[in-house]
Amino acid sequence: MKIGAHPNDCNSAWALHTLRFSSALNITDQKLVDDAGCTYWLRAHIAEASRFPLPPGRGNAIRTRKESRRFHASYFGKLQVVRGQIAEYLKDYPVKNLKDFLRVLNFIAPFTGGWAFSNPMSARQVSRFASAKARASAYVDFYIPKKSGGQRKISAPVKELKAIQTAVNLLLQSLFVPSGYAMGFVVGKSIRDNALVHVGQTCIFNTDLENFFPSITKRMVRNALHRELGASLGGNDVINMICRLCTVPNSEGIEVLPQGAPTSPVLSNIVLKSFDEEMSGLSERMGCRYSRYADDITFSHSKAIRRMSPFWVQEIRKVIARHGLTINEKKTRTFVPGIRREVTGVVVSDCINVPRPYVKQLRTLLHLWEKYGYDRAQAIFVNDFCKGVNKSLVNVIDGKINYLEMLKGKNDSTYRRYKRRFIWLQQEEKHAQKTQQ
């Protein structure tokens with residue numbers, strides 16, 4: 001049987017899964033018929049219907065908040081549907097060996113825009129990235145500025161490898177149940193959920209894991225996949241292939257998770273699930289609350305003693321070191337009463353809020369647009385706020401208002417005031433563009 005083709009001994013089940021996908025994603029129109037005469041309903045643009053694209057670049061075009069909301073609702077809705085259907089598919093077709101693994105990737109790929117359902121990827125095409133040497137040349141490195149200063153290295157996989165990794169990512173998401181303490185890279189959870197854990201606490205200890213993705217090695221990934229998904233992935237061959245496809249050699253020749261690969265977030269949560277379990281046990285002994293958002297670790301309490309015991313801080317450090325990770329000392333802080341208490345940039349007191357400088361900057365950007373018009377405000381924004389980096393002012397304002405809505409809710413007066421102002425400015429800009437034409 002050709003790798004990636006459906007099994008001839010279970011045509012009806014294969015067709016059923018395809019129909020479930022098609023129905024869930026409103027896919028109709030085109031028939032594909034296999035050698036046995038079994039009919040499969042697929043759309044000609046099946047990949048387009050479910051690739052989960054980011055919103056198209058806006059430039060100076062003005063879009064409404066309704067469009068943004070519809071996009072995100074569609075994105076997460078489709079993602080949940082596809083993950084559920086893949087999980088159902090894997091019940092009928094479990095991954096037992098490399099041949100099964102490739103078959104599943106070929107089943108998933110069309111629904112992520114990876115490659116066509118009728119043109120499955122061969123074992124040779126996938127295994128060409130199995131060697132460390134091939135993967136070392138399969139990434140494009142570039143740097144982006146950090147908020148705290150300095151540069152962050154991004155390693156973006158080439159198109160072919162990214163397509164494979166995207167399918168592997170969806171496969172792992174469909175199999176893996178994250179820790180309840182993990183708030184980052186988890187569908188349905190956000191910075192807001194992470195902050196809510198620590199609302200009302202008088203003492204907050206926060207630390208950061210240094211060089212997060214590149215500090216997770218291929219060996220750590222392999223051990224975690226055996227521990228968490230060994231029964232679902234069929235054994236050593238499949239796990240070793242995933243490890244090869246999803247890591248890249250660093251400057252010292254050690255294979256690590258690249259920052260920029262689609263699979264790095266879910267693999268980091270798989271690796272750190274045992275870490276979260278150990279940290280949660282430690283937090284219970286401490287009488288604290290614990291959460292983790294990606295590489296950001298937070299403990300909090302409301303005890304009479306308004307500080308974090310040095311003994312327990314040392315215990316936290318020991319757990320981090322035991323799991324092969326390193327603390328970022330520059331981002332290790334303790335917040336006590338009298339100091340603004342923040343968790344992943346969110347102010348936590350009796351309720352969650354955004355820092356005052358955040359609202360002040362949003363107000364300034366809207367004022368610039370209102371006073372000078374969009375084009376001049378865009379130029380001022382790039383020169384004075386972005387250090388010459390060309391960012392879209394309307395996108396930034398839209399994102400800031402969307403963030404306000406997520407944290408404070410639709411009925412919050414601050415959010416509603418800035419949203420109304422933003423909509424008015426959009427309408428004025430549209431009117432101005434029509435007048436110029």
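Residues numbered from 1 in each chain as written. Predicted model: local features only at pLDDT ≥ 70, side-chain atom pairs only at ≥ 80, totals over all residues. Heavy atoms only, no water.

Draft legend 1. The overall build of the chain, seen in detail. What the chain contains, in helices and strands, is 17 helices and 13 strands. Put simply, the chain has 437 residues, and 47% of those count as buried. Considering only contacts within the chain whose residues lie at least 6 apart along the sequence, 67% involve residues at least 24 apart. By element, 50% of the accessible surface of the chain is carried by carbon and sulfur atoms, the whole surface being about 21,900 Å². (Helix = DSSP H or I, 4+ residues; strand = E, 2+ residues; numbered from the N terminus. Buried < 20%, exposed > 50% of the residue type's maximum accessible area, 1.4 Å probe, protein only. Contact = heavy atoms within 4.5 Å. Areas by Shrake-Rupley, 256 points an atom, 1.4 Å probe, with all protein chains shown as cover.)

Draft legend 2. Inspection of the sheet that holds strand β10 (residues 333-335) at higher detail. With respect to topology, four strands assemble into an open sheet ordered β8-β9-β5-β10, the strand pairing being antiparallel. The open sheet has two edge strands with one neighbour each: β8 (289-293) and β10. Averaged over all pairs of adjacent strands, the angle between strand axes in this sheet comes to 15°, irrespective of strand direction. Pairing between strand β5 (residues 203-208) and β10: three bridges, direction antiparallel. Across the sheet, residue I204 finds its bridge partner in β10, namely F335. Contacting β8 and β9 (296-301), helix α12 (residues 273-286) crosses the sheet at an angle of about 155° to β8. (Pairing = 2+ DSSP bridges. Axes fitted to C-alpha atoms, helices over the stretch in contact; angles between N-to-C directions.)

Draft legend 3. Up close: the pattern of salt bridges. Within the structure shown, the criterion is met by 13 salt bridges. For the salt bridge of E342 with R340, the shortest nitrogen-to-oxygen distance reads 2.7 Å. Here E342 falls in the buried class, since its relative accessible area comes to 15%. By relative accessible area, which is 45% here, R340 ends up partly exposed. Here R421 ties to E370 by a salt bridge, and the two come within 2.9 Å at their closest N and O atoms. Placement of R421 in helix α17 (residues 413-436) and of E370 in helix α14 (residues 356-372) is noted, with a sequence separation of 51 residues between them. Take R421: its relative accessible area is 24%, and that puts it in the partly exposed class. (Salt bridge = Lys/Arg side-chain N within 4 Å of Asp/Glu carboxyl O.)

Draft legend 4. Structural context of the packing of helix α7 (residues 159-175) against helix α10 (residues 236-246). Running from N to C, α7 and α10 cross one another at 130°; their axes reach a closest spacing of 10 Å. In terms of orientation, α7 lies oblique with respect to α10. Considering only the axes of α7 and α10, their crossing is left-handed. Residue-level inspection shows L161, I164, Q165, V168 and L172 of α7 in contact with α10, the latter providing I242, L245 and C246. Considered class by class, the residues forming the contact of α7 with α10 number seven nonpolar, one polar and no charged. (Parallel < 35°, antiparallel > 145°, perpendicular 65-115°, else oblique. Left-handed = near helix turned anticlockwise from the far one by under 90°. Nonpolar A, V, L, I, M, F, W, Y, C, P; charged D, E, K, R; others polar.)

Draft legend 5. Structural view of the pairing of β8. Examined bridge by bridge, β8 and β9 share five bridges and lie antiparallel to one another. Within the sheet, the bridge partner assigned to Y290 lies in β9 and is F299. Taking the residues that link successive antiparallel strands as the turn, the β8-β9 hairpin has two residues, and the phi of A294 there is positive, at about 60°.

Draft legend 6. Layout of α7. Compared with an ideal rise of 1.5 Å per residue, which puts 17 residues at 24 Å, α7 spans 25 Å between its outermost C-alpha atoms and is within 8% of the ideal. With respect to burial, α7 is a largely interior element, twelve of its 17 residues being buried. Looking only at α7, the buried set comprises L161, A163, I164, Q165, A167, V168, N169, L170, L171, L172, Q173 and S174. (Expected span 1.5 Å × (residues − 1).)

Draft legend 7. Region of interest: the packing of α14 against helix α15 (residues 374-385). Between α14 and α15, whose axes approach to 7 Å, the crossing angle comes to 140°. Taken together, the axes of α14 and α15 lie oblique to each other. Crossing angle aside, the handedness with which α14 passes α15 is right-handed. On α15, the residues that touch Q361, T364, L365, L368, W369 and Y372 of α14 are Y374, R376, A377, I380, F381 and F385.

Nothing here speaks to function; it is geometry throughout.
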